[in-house]
Structures are given as structure tokens and as C-alpha cells.
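What follows is each chain in one-letter form.
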Amino acid sequence: MSGAKKLWGGRFSGETDPLMEAFNESIHFDRRMHAADIRGSQAYARALQKQGILTEGEQQALDRGLTAVLDEWQAGTFELRPGDEDIHTANERRLGEIVGEVAGKLHTGRSRNDQVATDMRLWLRDEVQRLLGYLRELVAALVQRAEHDIDVLMPGYTHLQRAQPIRWSHLLLSYAFWFQQDAQRLEQFLPRVSQLPLGSGALAGNPFQVDREWLAQELGFASVTPNSLYGTSDRDFVAEFLFHSSMTMIHISRLAEDLIIYSTAEFGFVQLADAYSTGSSLMPQKKNPDSLELLRGKCGRVFGGMSGFMMTYKALPSTYNKDMQEDKEPMFDAVDTLSGSLQIATAVIATLKINADKMKASLTADMLATDLAEYLVRKGVPFRQTHHISGAAVKMAEVRGGQISDLSVADLKTLHPSFDEDVKLIFNFETSVNNRSSIGGTSRATVEAQIDMLKKWLA
Ligand code: ARG
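Computed from a prediction, not measured in an experiment: that's the story for all the values here.

About the thresholds
Residues numbered from 1 in each chain as written. Predicted model: local features only at pLDDT ≥ 70, side-chain atom pairs only at ≥ 80, totals over all residues. Heavy atoms only, no water. 1 Å grid on protein atoms, 1.4 Å probe; cavity = no way out; pocket = protein on both sides within 12 Å on 5 of 7 lines; lining within 4 Å. Points joined across faces, edges and corners; volume = space filled by probe spheres on them. Helix = DSSP H or I, 4+ residues; strand = E, 2+ residues; numbered from the N terminus. Nonpolar A, V, L, I, M, F, W, Y, C, P; charged D, E, K, R; others polar. Axes fitted to C-alpha atoms, helices over the stretch in contact; angles between N-to-C directions. Parallel < 35°, antiparallel > 145°, perpendicular 65-115°, else oblique. Left-handed = near helix turned anticlockwise from the far one by under 90°. Contact = heavy atoms within 4.5 Å. Pairing = 2+ DSSP bridges. Core = buried A, V, L, I, M, F, W, Y, C linked by side-chain atoms within 4.5 Å. Buried < 20%, exposed > 50% of the residue type's maximum accessible area, 1.4 Å probe, protein only. UniProt positions renumbered as here; feature names shortened; annotations may be inferred. Salt bridge = Lys/Arg side-chain N within 4 Å of Asp/Glu carboxyl O. Polar contact = N/O pair within 3.5 Å; in protein donor to acceptor, adjacent residues only side chain to side chain. Near = heavy atom within 4 Å. Areas by Shrake-Rupley, 256 points an atom, 1.4 Å probe, with all protein chains shown as cover.

Enquirer: What am I meant to see in the layout of surface pockets here?
Expert: It is a probe the size of a water molecule, rolled over the atoms, that shows where empty space is left. Looking at the largest pocket, its volume works out to about 270 Å³. If you trace the largest pocket, you find 15 residues lining it, with Tyr157, Ile166, Leu171, Asp258 and Tyr262 closest to the centre. Listed by contribution, the elements that provide at least two residues to the lining of the largest pocket are β1 (153-158), α7 (168-193) and α10 (236-262). With five residues, the single largest contributor to the lining of the largest pocket is α7. Across the lining of the largest pocket, the residue classes tally to eight nonpolar, five polar and two charged.

Enquirer: Before we go on, may I ask you to explain the packing of helix α12 (residues 299-313) against helix α13 (residues 328-351) in this structure?
Expert: Axes are the key here: two packed helices are described by the angle between their axes and the distance separating the axes. Where α12 meets α13, the axes come as close as 9 Å, and the angle between the chain directions of the two elements is 160°. Classified by the interaxial angle, the pair formed by α12 and α13 is roughly antiparallel. The hand of the α12/α13 crossing is left-handed. Residue-level contacts link Arg301, Val302, Gly305 and Phe309 of α12 to Pro330, Asp333, Ala334 and Thr337 of α13.

Enquirer: Looking at this model, I keep getting lost on unusual backbone geometry. Mind explaining?
Expert: Most peptide bonds take the trans configuration, and most residues that are not glycine carry a negative phi. Of note, the amide linkage connecting Ser318 to Thr319 takes the cis form, showing an omega dihedral of 0°. As for its position among the elements, Thr319 is in the loop between α12 and α13. The backbone of Ala315 shows a phi angle near 65°, a positive value even though the residue is not glycine. Assignment of secondary structure puts Ala315 in the loop between α12 and α13.

Enquirer: Mind showing me how you'd approach the pairing of strand β2 (residues 161-167) here?
Expert: The two faces of a sheet get side chains in turn, since along a regular strand they alternate between them. Bridging between β1 and β2 involves six bridges; their strand directions are antiparallel. Across the sheet, the residue bridging to Thr158 is Gln161, located in β2. In this antiparallel pair of consecutive strands, β1 and β2, the connection spans two residues, and His159 shows a positive phi of 55°.

Enquirer: Hey, could you run me through the nonpolar core in this one?
Expert: Generally speaking, a soluble globular protein has its nonpolar side chains buried in company with each other. Grouped together as the largest cluster of nonpolar side chains are 102 residues, with contacts concentrated most on Leu124, Trp168, Phe179, Leu215, Phe241 and Leu259. Ranked by residues supplied to this core, first place goes to helix α6 (residues 112-148) with 16 residues. Beyond its immediate stretch of four places on either side in the chain, Leu259 contacts Trp168, Val270, Leu292, Val348, Ile349 and Leu352. Counting 19 residues, the second largest nonpolar core, distinct from the first, contains Ala365, Ala369, Val381 and Ile404.

Enquirer: Whenever I open this one, the UniProt feature "domain: Argininosuccinate lyase C-terminal" (unreviewed entry) in the protein confuses me. Can you help?
Expert: The UniProt feature table records "domain: Argininosuccinate lyase C-terminal" (unreviewed entry) at residues 367-434. Taken as a whole, residues 367-434 contains 56% helix and 0% strand, while its terminal C-alpha atoms sit 15 Å from one another.

Enquirer: Just checking my understanding: could you explain the pattern of salt bridges for this structure?
Expert: Any two side chains of opposite charge can pair if their charged atoms end up close together. Per the counting criterion, the structure on display carries 34 salt bridges. The closest approach of N and O atoms between Asp327 and Lys328, which form a salt bridge, is 2.6 Å. With a relative accessible area of 0%, Asp327 lands in the buried category. If you follow the salt bridges from partner to partner, you end up with Glu72, Glu79, Arg81, Asp84, Arg93, Arg94 and Glu97 in one network.

Enquirer: What exactly am I supposed to notice about the side chain of Thr248 here?
Expert: By secondary structure assignment, the location of Thr248 is in helix α10. Within polar-contact distance, the side chain of Thr248 engages the side chain of Asp182 at 3.3 Å. Ignoring any residue separated from it by four or fewer positions in sequence, one finds Thr248 in contact with Leu135, Phe179, Asp182, Leu338 and Leu342.

Enquirer: For this particular structure, what's the right way to read the site of the ligand?
Expert: For the ligand, the full set of nearby residues is Ser26, Asp30, Asp86, His88, Arg112, Asn113, Val116, Tyr320, Gln325 and Lys328. The side chain of Asn113 places a nitrogen or oxygen atom 3.0 Å from a nitrogen atom of the ligand. Here Lys328 contributes a side-chain N or O atom positioned 2.7 Å from an oxygen atom of the ligand. A total of 340 Å² of accessible area belongs to the ligand in isolation, and the protein chains cover 86% of it. Per-element tally for the shell around the ligand: the top contributor is α6, with three residues. Here the shell around the ligand is built from residues that sort into two nonpolar, four polar and four charged.

Enquirer: Any chance you could explain the UniProt feature "domain: Fumarate lyase N-terminal" (unreviewed entry) in the protein here in plain terms?
Expert: Feature annotation in UniProt places "domain: Fumarate lyase N-terminal" (unreviewed entry) on residues 10-304, given in this structure's numbering. Summarising residues 10-304: 60% helix, 6% strand, and an end-to-end C-alpha distance of 39 Å.

Below you can see the structure in the form of C-alpha cells.
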């Protein structure tokens, strides 16, 4: 298409290389922001009318025209034309076809530079609200399970080696608290993404004194960007969102990894619902935890989007540079990946079957060696000594081919005189778990307190 027909074509006489057209366009992905773009334009038209740049009639014509363009997008009837380089040019071109010459007044004092930054912030702000809803649903699913499965005990691991008995609910809630933090971080991000750049012009500001505070209110922004160069250059909100997404995906990947391990035949603690598993094309017996593997794997692409974008963003000169068009795809992809992952993780948790007997059967008395040491601590023996004594008990049992719980009180007395009949009471997993009753511990009461805490937050 010839330069003269483009919105910016006035000073051009040569043709654009078709390869360059394709290389330059962003419409195939930024069309996702069509509604934000139209909302921003409708508000801007009113701001122009308030300044007397548009008559009321003109403003109303633009408003109706923009609504008609939006309707076309929503009905799926918006037809792209060659030269619709991005969502801003496409909407303005179509508006012109619908309302005629007055469409040419809309862009007065505005640039695609303040427009694109506005659209992205508007779009992302609304998506963040949606993601916050999914995060809460995931927390709710974890809390619900934790409440239901409160009596189930299992081995807790460090280094993936059996360490101490814990409540299964305690493990579920550890993830719930991560996701709660993720939600809190996203909430704290809202005022930062909610800064309005519109009215910054191309870079230097708006010459028609448009009321930016009014625009911010109109579009539901918390504040206006206080400097037009900052307003048009800034994409920190993209980088920040990509970080928050990466962090949440890391939490999801860790949850997925735990469940993948627990779903192996070797562990057999959990069984994934059929709806979230797949079979093998070759081995008929296989049931693979594909949902969990995807949840674990998708972390990579979100982090990759963040690192890629940060490299693009680095060392850009002030203010808008076309490099910045590379900001949208990682942002869209992170939103889509996070949105899908949160919903699948919620469904997996809600439908998971657990094998409480298998979990319990994996508890062995050696996991109570710490409790044995703590027994002596309660009799006044310094912990460093008790650790050693309990270790000796473990060894004694091992030599005899048994468990520490098989040792008699007389056996234990040979290791330390403070051992007494009541030592038998510590060889009980329930007791061990319930002893850990300081805030945050795995006792029944402290796990219930965690559930209450999260329920209050969810309410
Ligand atoms: N499609 C562009 C982008 O996504 C819009 C802004 C273009 N501004 C410009 N001065 N060329 O970044």
C-alpha cells in the first residue's frame, strides 16, 4: 500500500516493502486490546470536548461510532484491511469509515505512544482482577481439602528423604499460603499498573490542557503518570507483572512436582482424576499425570517471557522506541498461561484422590528419633546430648534389625538413666504431630488455625 494512504503517510512517497509490512504489524496480537483501545478513545473524546476541541455533537458522533466499532469486534465482523498496522490504526480507520471526517479529530494531541501505554495498562489491570479471582479459587480448593483431610498423616520430607510426620493438610496449606502471597503481591501491583499515561502525547505532554485527572477517574485509574516522558517510556508494569507471573508459576511447578512424585506407584499417596490424566499410545497400563507435568513445565515459558522482555527493555533510549512493541506478546502469554494453569491446578486439587492408608503406612518409627531426643530434653538433658543418645538408639535398633520403638525401656536406660516407662508414649505419630503446636506447626490446633486464617482472608 502506498505511503500516502497510511495514517502516518504524509511525508512518505515510497512503498513499504511487503516484508516490512508483515514485520512491522502488531495487529495479529494487539487486537486483543480492542475494547481497551475503544474505551480509552471514548474517554479521550470527552476530554477533548471538555476543552472545546470537539463540539458536543462531534463527541457524540465519535462515541456512537466507537461503540459501533466495538460491536463489530464483539460480533466477530470487524474486517481487517491491509495497512491496519496495529489495533490503534485499525480502530481509527474503521471509525472514519463509519462516522466520516470527524474521526480525524479524535487523535488531536494524542499519540499512539500514550495510547498504547494506556491500552496496555487498562487491559492488564482488568486481567489482573480476573487472575486474582483464580488465585483465590485455588486457595479455596486447597483450604477445603485441608479441612476435609485434616486427620491424614504422612511423612514430611527434606532432601526428599523421610524426615518427620506431618499432616497432609499442613502440606496443602503451605501451598495455599504461597498463593495467598502471590495474590497479595498482585493486589499491591494494582496501584502501579493503574497509572494513566493518556495525555502525555508523543512524549512531551498534551498541548490542549486535557484534564488528565478527569480522564483517570473516567477510566478507573488510581493516578496519572506524573511525567510525560516516563508515561510514554515506562513498561515497568509489564516487567513487574511478568515477575509476579513467574513467581506464581514457580509455586505451581513445585506443587505439581510434589503431586507427581506422590502419584508414582512407588509412593501411591495420591491418584489424579481421569479428567486430568492421559494414557500412553503404546503401554496400555499407563496413566500419566500430564496436567501436572504441564503445570510444572509451563513455568519455563513465563520466566522466558520475562527474561526476553527485560533484555528488550534494557538500554532503550528515552522515550518510545519500536522495540517496545515486543512487550505485548510475553504479557499476553503470561496472562494466558497463568490463567490456564491456575484453573487446572484448582481442578486437579479439587478432584484428587488420596490414599490415606498408604501415607500412614509410610510412617516409620525412625521418623520419631527427634521426638525421642526431645523426650530427654523435657527431662533436662541438653539437646546436643539427646541428639547423640537418640542416634545411638537408632543404631542399636538397626543392628538388631528392628525399629527404635521396639527397644525396651531397659535397652534405652543403658543409653541414658533418664529414660522411663513414659518413653513408650512418644512412639505415636499423632502425638508427634500434635506436639508441634507453636504457631505454624503441624498440630491439629495449629493447622486448624491456618485454615481459619485463610478462610477469613477468602471471605
Ligand atoms: N503498535 C505499536 C506498539 O505496539 C503502537 C505504538 C506505535 N508508536 C509509534 N510511534 N510507532 O508499540
